[in-house]
Amino acid sequence: MRPNFVFILADDLGYADLGCYGGRSSCSPALDRLAAEGLRFTDGYSNSPVCSPTRFALMTGRFQYRLRGGNDEPIASRHRGNPELGLPPGHPTLPSLLRAAGYATALVGKWHLGLLPHFGPLKSGYAEFFGPMSGGVDYFTHRDSAGHHDLHEGETEAQRTGYLTDLISDRAVEFIGRQRGAAGPFLLSVHYTAPHWPWETRDDEAVARALTRIAHTDGGSVETYLTMIRHMDEGIGRILAALAEIGAGADTLVVFTSDNGGERFSDTWPLVGKKMDLLEGGIRVPYIVRWPARVPRGRTTAQLAITMDWVATFLHAAGVGSDPAYPLDGINLVPVLERPDAPIARELFWRMKFRNQKALRAGTWKYLSLDGDEFLFDLARDLRERANRAAHEPGRLAAMRARYAAWEAAMPALSPDATFSIPYTKAELAQPS
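A.B. asks: Explain the overall build of the chain to me, and be specific about the residues and the numbers.
C.D. replies: Each helix and strand in the chain was counted, giving 10 helices and 16 strands. Taking 433 residues into account, the globule formula puts the C-alpha radius of gyration at 22 Å, and the chain, at 20 Å, falls close to it. Based on the C-alpha atoms only, the size of the chain along its principal axes is roughly 60 × 50 × 45 Å. Residues classed as buried in the chain amount to 59% of the 433 residues present.

A.B. asks: A description of the packing of helix α1 (residues 29–36) against helix α6 (residues 222–245) should follow, citing residues and the corresponding values.
C.D. replies: At a closest axis distance of 7 Å, the pairing of α1 and α6 adopts a crossing angle of 50 degrees. Between α1 and α6, the angle is such that the two are oblique. Residue-level inspection shows Pro-29, Ala-30, Leu-31 and Leu-34 of α1 in contact with α6, the latter providing Arg-230, Asp-233, Ile-236, Gly-237 and Leu-240. By residue class, the composition of the contact of α1 with α6 is six nonpolar, one polar and two charged.

A.B. asks: Provide a residue-level description of the sheet that holds strand β7 (residues 156–157), including the pertinent values.
C.D. replies: Strand order in the open sheet formed by 10 strands is β7-β6-β5-β4-β8-β1-β9-β10-β2-β11, with mixed pairing between adjacent strands. Of all strands in the sheet, those bounded by a partner on one side alone are β7 and β11 (299–301). Together, β1 (4–10), β8 (186–191), β9 (252–258) and β10 (287–290) form the strand contacts of α6, whose direction differs from that of β9 by roughly 170 degrees.

A.B. asks: Tell me about the nonpolar core, and please be specific about residues and values.
C.D. replies: Grouped together as the largest cluster of nonpolar side chains are 93 residues, with contacts concentrated most on Leu-188, Phe-256 and Trp-310. For this core, the element with the most residues is α6, which contributes nine residues. The residues touching Leu-188, leaving out its near neighbours within four places in the chain, are Phe-5, Val-6, Phe-7, Ala-106, Val-108, Ala-172, Phe-175 and Ile-176. Counting residues in hydrophobic clusters, the runner-up holds 34 residues, among them Met-276, Tyr-367, Leu-376 and Phe-377.

A.B. asks: Account for the side chain of His-191, naming residues and giving values.
C.D. replies: You can see His-191 is positioned in strand β8. If we skip the residues at most four places from it in the chain, His-191 touches Phe-7, Leu-9, Arg-55, Leu-58, Met-59, Leu-107, Val-108, Gly-109, Lys-110 and Ile-168.

A.B. asks: Describe in detail helix α4 (residues 164–178), supporting the description with residues and values.
C.D. replies: Turn by turn, an α-helix covers 3.6 residues, leaving residues three or four places apart pointing in a common direction. In this model, α4 (15 residues) spans 21 Å end to end at C-alpha, consistent with the 21 Å of a helix rising 1.5 Å per residue. At its buried positions, α4 is contacted by β4 (104–109), β5 (128–131), β8 and α6.

A.B. asks: Give a description of the packing of aromatic side chains that names residues and reports values.
C.D. replies: Taken as a whole, this structure holds 23 aromatic pairs when the rule is applied. Consider the rings of Tyr-15 and Tyr-21, whose centres lie 5.2 Å apart with planes at 70 degrees: the pair is edge-to-face. For the residue pair Tyr-15 and Tyr-21, the accessibility class agrees, reading buried in each case. Their ring planes at 45 degrees and their centres at 5.4 Å tell us that Phe-140 and Tyr-163 sit as a pair that is tilted. One end of the pair, Phe-140, is in the loop between β5 and β6 (152–153); the other, Tyr-163, is in the loop between β7 and α4, with 23 residues separating them in the sequence. On the basis of relative accessible area, Tyr-163 is assigned to the buried category, the value being 5%. Connected via pairs of aromatic rings, a cluster forms that spans Phe-5, Phe-7, Phe-41, Tyr-103, Tyr-287, Trp-310 and Phe-314. Above the ring of Phe-130, the side-chain terminus of Arg-171 is found at 4.5 Å from the ring centroid.

A.B. asks: Give me the lowdown on the environment of Gly-282, citing residues and values where you can.
C.D. replies: Summarising the element assignment, Gly-282 is placed in helix α7 (residues 280–283). The spacing of Gly-282 and Val-50 is 232 residues in sequence and 8.1 Å in space, taken between C-alpha atoms. Among all residues touching Gly-282, those that are not within four sequence positions of it are Ser-46, Ser-48, Pro-49, Asn-260, Gly-261, Gly-273, Lys-274, Lys-275 and Asp-277.

A.B. asks: Break down the layout of surface pockets for me, with residues and values.
C.D. replies: Sizing a probe to match a water molecule and rolling it over the atoms shows the empty space that remains. Approximately 180 Å³ is the volume found for the second largest pocket. Lining the second largest pocket are 13 residues; nearest its centre among them are Met-1, Asn-4, Gly-184, Pro-185 and Ala-248. Of the residues that constitute the lining of the second largest pocket, the class distribution is six nonpolar, four polar and three charged.

A.B. asks: Go over the environment of His-148, please, and point to the residues and values.
C.D. replies: Turning to its location among the elements, His-148 is positioned in the loop between β5 and β6. On a C-alpha basis, the gap between His-148 and Ser-134 in space is 9.7 Å, while along the polypeptide they are 14 residues apart. Residues contacting His-148, with those up to four places away along its chain left out, are Arg-80, His-142 and Arg-143.

Calculation criteria
- Starting afresh in each chain, residues are numbered from 1 along the sequence in its written order.
- Confidence filtering applies because this is a predicted model: local features only for residues at pLDDT of at least 70, side-chain atom pairs given and counted only at 80 or more, and all residues used for totals across whole chains, interfaces and linings.
- Note that the side-chain values use all heavy atoms of the structure and ignore hydrogens as well as water.
- Strands here are runs of E lasting at least two residues and helices are runs of H or I lasting at least four, both read from the DSSP assignment and numbered beginning at the N terminus.
- The globule rule used for comparison is 2.2 Å times the number of residues to the exponent 0.38, while the radius of gyration itself is calculated over C-alpha atoms.
- Note on classification: 1.4 Å probe, protein chains only; a residue is buried when its accessible area is under 20% of the maximum for its type, exposed when over 50%, partly exposed between these limits.
- Only C-alpha atoms enter the line fits that serve as axes; for helices the fit covers just the stretch in contact. Angles between N-to-C directions range over 0 to 180 degrees.
- Each angle is binned into one of four classes, with values under 35 degrees roughly parallel, values over 145 roughly antiparallel, values of 65 to 115 roughly perpendicular, and all other values oblique.
- The contact rule is simple, with two residues in contact once any of their heavy atoms fall within 4.5 Å.
- Under the convention adopted here, Pro, Cys and the residues Ala, Val, Leu, Ile, Met, Phe, Trp and Tyr are nonpolar, Asp, Glu, Lys and Arg are charged, and Gly plus all remaining residues are polar.
- Strands are treated as partners if at least two bridges between them are detected by DSSP.
- We define the nonpolar core as a collection of buried residues of types Ala, Val, Leu, Ile, Met, Phe, Trp, Tyr and Cys that are connected through side-chain atoms lying within 4.5 Å of one another.
- A helix is expected to span 1.5 Å for every residue after the first.
- Stacked, edge-to-face and tilted are the three classes for Phe, Tyr and Trp ring pairs, Trp counted by its six-membered ring, which pair at centre distances within 6.5 Å; planes under 30 degrees apart are stacked, over 60 edge-to-face, the rest tilted.
- Whether a charge sits over a ring comes down to the Lys NZ or Arg CZ being within 6 Å of the ring centre and within 35 degrees of the ring normal.
- A 1.4 Å probe that fits but cannot get out identifies a cavity on a 1 Å grid over protein atoms alone, an open set with protein on both sides within 12 Å along at least five of seven lines counts as a pocket, and a residue lines either if it has an atom within 4 Å of a point.
- Grid points are joined across faces, edges and corners, and a volume is the space filled by probe spheres set on the points.

In structure tokens form, the structure reads like this:
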């Protein structure tokens, strides 16, 4: 029997925000139960420390650097109408491959892989779409950072009243309900905008009306942020209940993660760094997997995993091949899901135009280059990346630098017109030294 897939993506969630990852708040009871019922990764990573590059990898199963749009960090709303900055409709994707194999496909939530008329979920394999096309949007007005209303039903602008997190949860539950008795399996992607700014809970519509810039550097709090996570968690609980209601709980592979590390109110302890950083706090993210038919309950794994792995994993689980013209860079994690204590040896690589960042994770060791300075960390002893071992391990440093250079040489060169975006200045948000 081919499994269903539900892939749930948070936006800017910190590594330690959830209770099951050591969070100091009870903001995630549904996700904590999900972890107890399945498998939790301790060393799961996003493909990038910023949103749209990670989403390129999630859709294609390939390094985002292979596509022009994946070079921008992230694709900014000001590029509306740009015919180059997006996921090319002709490129095979997870939803397009599954749909061709008989899966019903739907994306509910954030797209952020290029704007109409050139790009969109319906052009890249999803049969249904409800949500925003761009990046961050206000939870009540549904306007993006450029002030454009951005909520769509398919490719048509949709006027809806309500808190966006709840609208996303509602539509996801409704889609699952329609799958009762369906002839084939389904892929449901649920891409929340929570807990991305602006800092608004269900009770903060007045805040939305007063905002002039949704980056919202003049508001928010840890309490507000945690409440936003709880609203998302409640929706996830409803999604899991809907799966049980239609009898699909056992044969549905559910994955929860984040598109990158945390932002200004996030908890990333004991990690250092945040969104836009290749330090661990910017790229190490929660990974929770539940698949009662094949994944043991209540386990953890130290497997090194990265966002693009889920394409190879889902395709393998569905018995669907990838397109040989677009070889996957990610690996199939099904063997690890079934045997969490038998990790697959591999190396992970990242690059960022912002601050000329480079990183390689190999075993417990990490090579990091930041603004031209080089660092070597043993993460088994130093998760906070405070003890630079480069001078003590010159041979290891040279070997990892060489492996990184070989990988980088195999990637397309960074586009010279690629941009990065920081939504606030040092005058607006105090920066630590």
